Amino acid sequence: TAVSTVDVTLGIDSLYDVYEFHCIGIHPSGTSLPNFEFQVDTGTNTNYNQTITSTYFQAQSNYTADGAGNYAAIGYSTGEHQKNSDQAFQKIAHGMGDENNDSASVILKLYAPSSAYVKHFTSVSQMNHHNNSIYSGNTYCSGYINTTAAITRIRFQFGVGNIDAGKISMYGVAKS
């Protein structure tokens, strides 16, 4: 609790072709509407600045406290995708609330992190925000990390503020 980053620095190797990261009940502290993000690195590097190209879209709805419909949409989010030169953290859940009952859950899949090709990833998230209205958002992100070097570590963080609570588990899924 109350950590700025969570780093997974062991176990991402060639043993499995797919690694899943289950981020359950991730709760921010102190900052309203933060973005939950990830970035990776290779070898023993700790800069977490690999080049990512991605796409990002979301479905969302917003209701007032009396249950009246206020807003609903599905669409591409241009502010959350990355171009091949960004070298920034990739958003995988954005606009979360920081009320006591707000949280996000995310499944991030990293494909063939030890291959000699670019590394593909997909994520799906569900998050909520309670303030003057009740907000629910479902996001989908996919893309590739533009490196042929083996990915050996991953970092999770909020764009601002700390990770106040939650659980992040890693699973090796498949070997072809």
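That block above? That's the structure.
Report on the accompanying structure. This one's a predicted model, so the numbers in the text were calculated from it and none came from an experiment.

### A short note on the sheet that holds strand 3 (residues 36-42)
Point 1. One open sheet holds the four strands; their spatial order is 1-10-3-6, and the pairing between them is antiparallel. Because the sheet does not close on itself, it has two edges, and the strands there are strand 1 (5-8) and strand 6 (90-93). The sheet shows a mean angle of 25° between the axes of neighbouring strands, taken without regard to direction.
Point 2. Where strand 3 and strand 6 come together, three bridges link them in antiparallel fashion. Residue pairing for strand 6: Phe 36 is matched across the bridge by Ala 93.

### Brief notes about the side chain of Gln 157
Point 1. Position of Gln 157 among the secondary structure elements: in strand 10 (residues 151-158).
Point 2. Take Gln 157: its relative accessible area is 15%, and that puts it in the buried class.
Point 3. Those residues in contact with Gln 157 that sit more than four places away from it in its chain are Ser 4, Thr 5, Asn 35, Phe 36, Glu 37, Phe 89 and Ile 163.

### Considerations on the nonpolar core
Point 1. Core analysis: the largest hydrophobic core is formed by 28 residues, its most contacted members being Phe 21, Phe 36, Phe 38, Phe 121, Ile 154 and Phe 156.
Point 2. Put simply, the parts of the chain that give this core at least two residues each are strand 2 (18-29), strand 3, strand 4 (52-64), strand 6, strand 7 (104-111), strand 8 (119-130), strand 9 (133-145) and strand 10.
Point 3. In this structure, Ile 154 is in contact with Val 6, Asp 7, Val 8, Ile 12, Phe 21, Phe 38, Gln 39, Val 40, Tyr 48 and Leu 108, ignoring residues within four places of it in sequence.

### Things to note about unusual backbone geometry
Point 1. Its identity as a non-glycine residue notwithstanding, Tyr 48 has a phi of 50°, on the positive side.
Point 2. Structurally, Tyr 48 is set in the loop between strand 3 and strand 4.
Point 3. Taking the relative accessible area as the measure of exposure, Tyr 48 reaches 2% and is therefore buried.

### Re the environment of Ile 154
Point 1. Looking at where Ile 154 falls in the secondary structure, it is placed in strand 10.
Point 2. Linking Ile 154 and Ala 88, residues 66 residues apart in sequence, is a C-alpha distance of 13 Å.

Basis of the calculations
- Residues numbered from 1 in each chain as written.
- Predicted model: local features only at pLDDT ≥ 70, side-chain atom pairs only at ≥ 80, totals over all residues.
- Heavy atoms only, no water.
- Pairing = 2+ DSSP bridges.
- Helix = DSSP H or I, 4+ residues; strand = E, 2+ residues; numbered from the N terminus.
- Axes fitted to C-alpha atoms, helices over the stretch in contact; angles between N-to-C directions.
- Buried < 20%, exposed > 50% of the residue type's maximum accessible area, 1.4 Å probe, protein only.
- Contact = heavy atoms within 4.5 Å.
- Core = buried A, V, L, I, M, F, W, Y, C linked by side-chain atoms within 4.5 Å.

These values are about where atoms sit, not about what they do.
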